[in-house]
Amino acid sequence: MHRITTVAIVALAAAALSCPARAEVLIGVAGPMTGKLEWTGTQLKRGAEVAVADINTAGGVLGEPVRLITVDDFCDPKQAVAAAQKLVADGVVFVVGHYCSGASIPASEVYEAAGILQISPSSTNPMLTEQGRANVFRVCSRDDAQGFEAGNYLADHWSDKKIAILHDNTTYGKGLADETRKQLNKRGTTEAIFEAYAPGNDDYSAEIAALQAADIAVLYLGGYHTEAALMVRAARDRGYSVQLISGDDTATEAFGLIAGPAAEGTLFTFVPDPRRNAEAAKVVERFRAENFEPDSWTLHSYGAAQTWAQAVEKAGSLELQAVIASLRGNQFDTVLGRMDFDNKGDLTVQSWVWYVWKGGEYVPLE
Amino acid sequence: MLKRLGIRGRLLLAFFGISTFAVLATTAALYAFLEVGEVVDRITKERVPSALASLQLSRQAERVAATAPAALASTSKAQHYEISTAIAAEMTRLEELLAALKGAKPSTAVVAEIEAAVLGLRRNLNALDDLVAARLTVVARKEELLRRLSATTNASQRLVAPGMLVMNSKLQQWRAVTADTPLASDRGAEATADLVQSIAAYIPQQKAQQEISAVNDALVNTADAPTPGDLALILFPLRRSLAVLDTISNQIDDRLRTRFQQRVNEFKALIDGGNSIPKARQDEFAVLAQGEELLAQNNQLSRSLTAAVDRLVAAADREITASGLEAAVVQRYGTGVVLGSAFLSLLSSILVVWLYVDRSLLARLGGVSQSMLAIAGGNLRAPLPVAGHDEIGRMAEALRLFRDTAVEIEEKNLREVAEARQRLIDAIESISEGFALYDGEDRLILSNSRYRELLYSDLAIELTPGTTFEHIIRRSAERGYIKDAEGRFEEWVAERLSRHRNPGEPWVQRRGDGRWVLISERRITGGGTVAVYSDITELKQREENLAEKSAALEALSSKLAKYLAPQVYNSIFTGRQDVRIASQRKKLTICFTDIAGFTETTDKMESEDLTQLLNHYLTEMSKIASDHGATIDKYVGDAILMFFGDPETRGVKEDALAGVQMALAMQKRMSELAEAWRDIGIETPLRCRIGIHTDYCTVGNFGSEDRMDYTIIGGAVNLASRLEQEAQPGTVLISYETFAQVKDTIDCDELGRIHVKGIAYPVATYRVIDVKANLVAARRAVRTELPHLRLEAEPELMSADERDQAATALRDVLDRLCHKPG
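Scoring rules and cut-offs
Residues numbered from 1 in each chain as written. Chains lettered and ligands numbered in written order. Predicted model: local features only at pLDDT ≥ 70, side-chain atom pairs only at ≥ 80, totals over all residues. Heavy atoms only, no water. Helix = DSSP H or I, 4+ residues; strand = E, 2+ residues; numbered from the N terminus. Buried < 20%, exposed > 50% of the residue type's maximum accessible area, 1.4 Å probe, protein only. Contact = heavy atoms within 4.5 Å. Areas by Shrake-Rupley, 256 points an atom, 1.4 Å probe, with all protein chains shown as cover. Buried area = accessible area lost by both parts, 1.4 Å probe. Salt bridge = Lys/Arg side-chain N within 4 Å of Asp/Glu carboxyl O. Polar contact = N/O pair within 3.5 Å; in protein donor to acceptor, adjacent residues only side chain to side chain. Disulfide = S-S within 2.5 Å. Pairing = 2+ DSSP bridges. Axes fitted to C-alpha atoms, helices over the stretch in contact; angles between N-to-C directions. Phe/Tyr/Trp six-rings, centres within 6.5 Å; stacked < 30°, edge-to-face > 60°. Expected span 1.5 Å × (residues − 1).

- For chain B, the name recorded in an unreviewed UniProt entry is Adenylate cyclase, class 3, with Mesorhizobium muleiense as its organism.

- The name given to chain A in an unreviewed UniProt entry is Branched-chain amino acid transport system substrate-binding protein, and the organism recorded there is Mesorhizobium muleiense.

Structure below.
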């Protein structure tokens, strides 16, 4: 009898505690909110914020309002785990993030253990979905596809020139560099240099000088936009006209602002710019009305939250397995266009497009 | 006129007078209480509810007025809703109270005033509510603008961040170049120029950043500016900062400039124009001012409401006070009347009781009761109050009559007592016995002269009433009147006293002068003793004579008894049988005995010897007959006639058995007697024949009045006589009737039948052998008596020697008998 009473009290207490949590659905957004990648981290955060505002305007999920909690992972693997645990403690059911692959992968383990859905808008490293974690999805394409594209491009256009491949030794940077090199080598071209550099420095003149000395004509960079901008700027300052080719992180206004005129002509791969999607027009207008340019992965962040909300509505439940099944079994119409997921959590359609910096902004390559 | 009323009427009059005063007092008190009650009622029913309702109304109005500022201060819709709901509830309550107040009907002028104030308050609160809604709108707008400000500031700051990165990079490069001394100096100068250029490019950005911060801070302050005056003050530096930003934007890198210009324009819009932050704050101020005004009005209304209510309460208070005073006056008046009435009623009661009841009633009643007590106490000559016409007078009259009657009864009683006493004295004097009555303490109360004559003829003994019994007997014993007391004085006194105190049967006392006195003493109820003394001297002498005669008679009677059967004698002398001619039929056993050949045997005897032999024989037989309960009818010579069954019978069977056993005993005795008689010379032994028969006979007194004989007559007697004659000498012969009765006990031999004269049929006869129980023992003894032979042997009792000797003797006898000489 005593035991039954205790159980009943615990049940009541649990019901009482769960009531306010039910009144609003908590979700998280995680990325580098400070530091050198602050710019892109902020874009992730804004995208999620606007998405949540739009979801709530439309009546929330399953009739309940959604509240967003932002955490800063500094794009650091250890900080990412701490940030993920903080979100778990807060009781979120879903996380938009992280931004960096090196943060998303360790965090995914925490989310899986806690039964929380993770949709990354921007982590492109294949490893993220290759770990076999059912709770992990992403709305961007993978780096094996990106490296394939880059390797082919390098082989097509610069097989006769000296090519250097540099990477920052991060999960994203090294992963992308490896994939590119693999495809390049597959095409019969061997790079002249394959080296790592330390990210986070103020000046990369020494590295550029070394490339110049080695008569490198093409530099493929596996890394983030800050270092890429500083390197290209240092090269132009020296009068060294090396062709910079890089990955998706270059697709941000910040690259242009840091590199200045040196940014002109830089090539990079990125997914088709969602700002050009007809579905995204209204959302883009909303961002711009607030003096915010939704470039880089902003709309992907929006789209990740939007996808989750649709999946929950279709599942009719916030329960993880139901939502996972819903994500795997449905197509979603979002600001990113129509899309669906394979069983790993990747988009069924992988697509990388070439862009070039021209006149202070990036435009698709003609 | 009063006198005719009587006591009842007068008492009623007195009580009526007292009651009238009491009723008057009660009526006055009732009136006073009713008045006070009415006043208190008026206060509680009219004034107090009205005053209470007014006070509640006033408190409610104050509460509403106090709640109103909170509504104005509310910053969110939820808060506003909550407060406005609360105010609405309070207001509803206020209106309810107003309705209640109207119900209590106070002065209409004040109510109208209060109603107007409440209406004003309601109107004002509605206006305040609208105003708060407007303020919330303004606040929301302001907040939206502040969000935009924040976004713009953030965007502006973002624009500066890349410049910072670039400058840091340049600085690093410059440091590297300058540190590398072997490099050409032109390279160092180039690096320095590069750094300077980048610094120059960055400085405007930094200035812009400062200004943006200033603008942001100023606008944030604007949003919370305490007064409209502060707004005007803040606007000036804001406009200056905008001008500076305009200037700086021209100096900034082309790429950033357009973006920067956009931000500056946004700031401009936030600072000036219809949708600026200062404008929003100004609007808010206007709303707040209006609100303050409304609140002031509110307070004014609340105050006027309170004032009106206060007037109402004051009025109620005044009325309550006035009513209280009124009540107090009425109460005082009422108290006075009650006290006066009570006093008058008391006074009248005292006067009525003192002047009237006491004097004309109680005093006389006292006289009557005193006379009554005196009469009751036995004083019949006590003075009586004067009679009158009223109840007391009649009571006095009745008392007088009662007294007279009592006197009469007393005299009559005394006469009767005297007569009764005389009669008693006459009565006890007239009896021949002495009479004395002692009380519980044994003192003499009464005695008659016979008592003295009889017991104490000596006058020296006092017999006055009061003398103790003990004194009297001691004196008489001393004087020698008592024979028993001679020589044992004290002992006798003790005995006598004990007997006197616990009297029993009458007893006889022997007096000293030889007289006998029968003393009967009885305790009487109440503890006294009555003693009656009878002189029985003559009686005693006669008794002695009688005893002497009786003794003589007794002697005579014992002599006579010998001539009569003992049973008959007893029967007659105990009075069971009357001595008169009477007879009855009974079944008797009749027994005849006779000595066979008596005449022959006794022929040659002298008559003296014969008489002796006969008497001996008869005495022996009579003794046996008496022992067996036989009634001896008569002796006829040597024959005896006896019968069993009268005057006492043991039953026919037992009587017959007794007869047979007696006959056997006689025969046995006869054989013993033969021995004795032989010794005295009677050679031939006397042998007895006995006949017994059982049958009905007539028994009784037969004869004449002068000579009677108690005997039996009838055929049975003849039959018995005949059986006796038929019997062999020394045997007993019985008839069948007797045999039938005894055959179980007695062994008999049947003999022949005999004819009896007077009996038609022959009679069966039986010879009696012996009692069956004796028969065995009898056989062991050998008895033979023949002429010249008498044998008596008891072999069982013999010793061996004796047997041998007996056998030898008998063999001798046998030899001699068998071998006859010759």
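**Things to note about the overall build of chain A**
At step 1: The helix and strand inventory of chain A stands at 13 helices and 14 strands.
At step 2: Counting only residues that meet the buried cut, chain A has 56% of its 366 residues in that class.
At step 3: Looking at chain A alone, contacts between residues at least 24 apart form 68% of all its contacts between residues at least 6 apart.
At step 4: Element-wise, carbon and sulfur atoms account for 53% of the exposed surface of chain A, whose accessible area totals about 14,200 Å².

**Details of the interface of chain B and chain A**
At step 1: Each partner contributes to the interface: chain B provides 18 residues, whereas chain A provides 22 residues.
At step 2: Interface of chain B and chain A: buried area, both sides summed, is about 1,800 Å²; carbon and sulfur atoms make up 54% of it.
At step 3: Per-residue buried area on chain B facing chain A is highest for Arg158(B), Leu165(B) and Arg255(B); these three make up 37% of the total on that side.
At step 4: Counting across the chain B and chain A interface gives 1 salt bridge.
At step 5: Between Asp237(A) and Lys170(B) there is a salt bridge, with the nearest N and O atoms lying 2.4 Å from each other.
At step 6: Our count for the contact surface shared by chain B and chain A stands at 3 residue pairs in polar contact (both at pLDDT 80 or more).

**As for the state of the cysteines**
At step 1: For the structure on display, the rule yields 1 disulfide over all chains.
At step 2: Between the sulfur of Cys75(A) and that of Cys100(A) lies a disulfide, 1.8 Å long from S to S. Note on the Cys75(A) and Cys100(A) pair: the S-S dihedral is about -125°, so by sign convention the disulfide is left-handed. With a gap of 25 residues between them, Cys75(A) in the loop between β2 (66-72) and α3 (77-90) and Cys100(A) in the loop between β3 (94-96) and α4 (101-114) connect regions that are remote in the sequence. Both residues of the pair, Cys75(A) and Cys100(A), count as buried.
At step 3: Looking at the unpaired Cys688(B), the closest cysteine sulfur is the one in Cys591(B), lying at 8.6 Å.

**Let's talk about the pattern of salt bridges**
Residues and elements named next belong to chain A.
At step 1: All told, the structure shown has 55 salt bridges over all chains when counted by the stated rule.
At step 2: Ionic pairing is found between Arg286 and Asp54, a salt bridge with its closest N-O pair at 2.8 Å. Of this pair, Arg286 sits in helix α11 (residues 281-289) while Asp54 sits in helix α2 (residues 38-57); the two residues are 232 residues apart in sequence, bridging distant segments of the chain.
At step 3: Assessed through its relative accessible area of 35%, Arg286 is described here as partly exposed.
At step 4: For Asp54, a relative accessible area of 17% gives the class buried.
At step 5: Asp156 is paired through a salt bridge with Arg187; the nearest N and O atoms lie 2.2 Å apart. Separated by 31 residues along the polypeptide, Asp156 in helix α6 (residues 143-158) and Arg187 in the loop between α7 (171-186) and β7 (193-196) bring together distant segments of the chain.
At step 6: Overall, Asp156 belongs to the partly exposed group, its relative accessible area being 47%.
At step 7: Through salt bridges with shared partners, one network takes in Glu130, Arg138, Arg142, Asp144, Lys344 and Asp346.

**Points about the sheet that holds strand β1 (residues 434-438) of chain B**
Residue and element names in this part refer to chain B.
At step 1: Reading across from one edge, β2-β1-β5-β4-β3 is the order of the 5 strands in this open sheet, with antiparallel pairing throughout. Strand pairing shows two members of the sheet lacking a second neighbour, β2 (444-447) and β3 (507-510), which therefore form its edges. Neighbour to neighbour, the strand axes of the sheet diverge by 25° on average, direction disregarded.

**What about the packing of aromatic side chains?**
At step 1: Under the definition given, this model contains 20 aromatic pairs over all chains.
At step 2: Both rings, one in Tyr438(B) and one in Phe469(B), keep their centres 5.0 Å apart while their planes meet at 85°; by these two values the pair is edge-to-face. On the criterion of sequence distance, the pair formed by Tyr438(B) in strand β1 and Phe469(B) in helix α10 (residues 469-478) is long-range, its members being 31 residues apart.
At step 3: Among the aromatic residues, ring-to-ring pairing joins Phe255(A), Phe268(A), Phe270(A), Trp297(A), Tyr355(A), Trp357(A) and Tyr362(A) into one connected group.

**Considering the pairing of β3(B)**
At step 1: Here β3(B) shows a clear split, with Trp507(B) and Gln509(B) buried on one side and none of Val508(B) and Arg510(B) buried on the other.
At step 2: From the end of β3(B) to the start of strand β4 (residues 516-524) of chain B, which pair antiparallel, there are 5 residues, and Gly514(B) there has a positive phi angle of about 90°.

**Things to note about the sheet that holds strand β5 (residues 136-138) of chain A**
Residue and element names in this part refer to chain A.
At step 1: Strand order in this open sheet of 5 strands is β2-β1-β3-β4-β5, and the pairing throughout is parallel. Each edge of the sheet is formed by a strand with only one pairing partner; in this case those strands are β2 and β5. Across the sheet, the mean angle from the axis of one strand to that of its neighbour is 25°, orientation sign disregarded.
At step 2: Relative to β3, strand β1 (residues 25-31) runs parallel, the two being bridged by 3 bridges. From the neighbouring strand, Ile27 faces β3, where its bridge partner is Phe94.
At step 3: On top of the sheet, α2 reaches β1 and β2; it is set at about 170° to β2, its chief contact.

**Remarks on helix α17 (residues 715-726) of chain B**
At step 1: Here α17(B) is 12 residues long and its end C-alpha atoms lie 17 Å apart, about the 16 Å a rise of 1.5 Å per residue gives.
At step 2: Of the residues making up α17(B), those classed as buried are Ala716(B), Val717(B), Leu719(B), Ala720(B), Ser721(B), Leu723(B) and Glu724(B).

**A closer look at the pairing of strand β5 (residues 528-535) of chain B**
All names here are of chain B.
At step 1: Counting buried residues along β5, 6 of its 8 residues qualify, which places the element largely inside the surrounding structure.
At step 2: Examined bridge by bridge, β1 and β5 share 5 bridges and lie antiparallel to one another. Bridge pairing in β5 links Tyr438 to Thr529.
At step 3: Here β4 pairs with β5 via 8 bridges, running antiparallel. Of the residues in β5, the one forming a bridge with Val517 is Asp535.
At step 4: Where β4 hands over to β5, the hairpin turn is made up of 3 residues, of which Gly526 adopts a positive phi near 100°.

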